[in-house]
Amino acid sequence: MKYANSKLLLLHLRSLLLEETDADNGLTMEQIRLRLTQSGFDPDRKSIYACMDALESFGMEIQRPSGKRKDYRLLRSQDELELSEIKLLIDAIQASRFLSSAKAGKLTAKLEKLVSRRQAATLHRQVIVSDRVKSMNNSLYYQVDALHAAIAQDRKVTFRYFDYNMSKKRVYRHDGKHYRVSPFAMVYNNDKYYLLAVPEEEAALRTYRVDKLEGVTLLEDAREGHEVYAGVDAAAYTRVTFSMYAGDVQQVTLQFENSLLNAAMDRFGHNIAIARQGEDHFRFTVPVAVSPRFYGWLLGFGSGAEIISPPEVRRGMAELVSERAAHYARIDNENE
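To start, this report covers the structure provided alongside it. On a predicted model such as this, the values are computed, not experimentally measured, just so you know.

It is worth spelling out a nonpolar patch on the surface at this point. Together, Leu81, Leu89 and Leu114 make up an exposed nonpolar region whose accessible area comes to about 240 Å². Turning to its location among the elements, Leu114 is positioned in the loop between helix 5 (101-112) and helix 6 (117-121). With relative accessibility at 43%, the residue Leu114 sits in the partly exposed group.

Let us look at the sheet that holds strand 12 (residues 281-289). Spatially, 11-12-10-13 is the arrangement adopted by the four strands of the open sheet, whose pairing is antiparallel. Either end of the sheet is taken by a strand with one partner, and the two such strands are strand 11 (275-277) and strand 13 (305-309). Averaged over neighbouring strand pairs, the angle between their axes works out to 40 degrees when direction is ignored. The pairing of strand 10 (residues 249-257) with strand 12 spans nine bridges and is antiparallel. If you follow Gln255 over to strand 12, its bridge partner there is Arg283. This element, helix 10 (residues 261-268), spans strand 10 and strand 12 of the sheet and lies at about 20 degrees to strand 12. Contacting strand 10, strand 12 and strand 13, helix 11 (residues 292-299) crosses the sheet at an angle of about 10 degrees to strand 10.

Let's shift gears to helix 3 (residues 45-57). Its 13 residues place the ends of helix 3 18 Å apart at the C-alpha level, agreeing with the 18 Å of an ideal helix rising 1.5 Å per residue. Those residues of helix 3 lying buried are Ser47, Ile48, Cys51, Met52 and Leu55. Burial along helix 3 is one-sided: seen end-on, the buried residues are contained in an arc of 140 degrees. Counted as exposed and oriented over 90 degrees from the buried face of helix 3: Lys46 and Ser57. After helix 3 finishes, the residue Gly59 shows a positive phi value of roughly 115 degrees.

Conventions used here
- Residues numbered from 1 in each chain as written.
- Predicted model: local features only at pLDDT ≥ 70, side-chain atom pairs only at ≥ 80, totals over all residues.
- Heavy atoms only, no water.
- Patch = residues over 30% accessible without salt bridge, like charges linked within 9 Å, V, L, I, M, F, W, Y side chains within 5 Å.
- Areas by Shrake-Rupley, 256 points an atom, 1.4 Å probe, with all protein chains shown as cover.
- Salt bridge = Lys/Arg side-chain N within 4 Å of Asp/Glu carboxyl O.
- Helix = DSSP H or I, 4+ residues; strand = E, 2+ residues; numbered from the N terminus.
- Buried < 20%, exposed > 50% of the residue type's maximum accessible area, 1.4 Å probe, protein only.
- Pairing = 2+ DSSP bridges.
- Axes fitted to C-alpha atoms, helices over the stretch in contact; angles between N-to-C directions.
- Contact = heavy atoms within 4.5 Å.
- Expected span 1.5 Å × (residues − 1).
- Arc of directions from axis to C-beta.

This is how it looks when you write it as structure tokens:
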């Protein structure tokens, strides 16, 4: 067999073992020879054994016939993703609302190539996603990658930041000027990516929605504001904010019905200190970035949740409810 053909045979055998064998499924020597013949080769056993030896020398683990088992199987190394891990990744991809169905499908197809065809058949997961976004900023993947690169390389970035007007056209903040910031962390919250960064000439951490950024570009300037970010617990920051809306962080005491304990722990973590209030309620104190989104979240529990203190936060809820009630009452009177 010519040298060029031997290299091709080696590659075809590798592909065959990757696609059709795994720890639970194998191919006999006759099946291997038949598959390779169908690919245009006429290999003898000696040539196939030589190729297997070469693949094993390269680091691939091939399980050869033993006892009653007559087949050959390619075993994945411990460094490779396990089938259960790939299934978990696919579920996460399918459940991400910001990904279009087409993009989720493409990413899933790429993950399927990491396993054999038989295993790939078990990866056709059906995760139901409500209100999947129909259209999205297709540059999001590249924006996220560029921001991660800037953080890793300790460099500033520049971009334009926009909102949409009633005509669904982009309206740029800051009079269309480019923002220059020092990026420090990426947060994935409520199916959206957020950038935590320190703007130039500011000593405060700011939050930016990544899908509202345009033209993210790495600068040569080194990041500033390390001392600002060092004073922030990023994980705690995501817990105290609601939908990443900024607000003054205050220690807020809340009273919930017992049935809402799971909701409280889901939001603030399992380490919250709870104090029983009679038979039906409990109280706990947590740091909260007080904002309209926080009040809205709390209102979703109806009479089952109440702000106990501080007084100004409690008044803020009362004013919001009063204002909304007056608004709807006015509309009702106008319609009568």
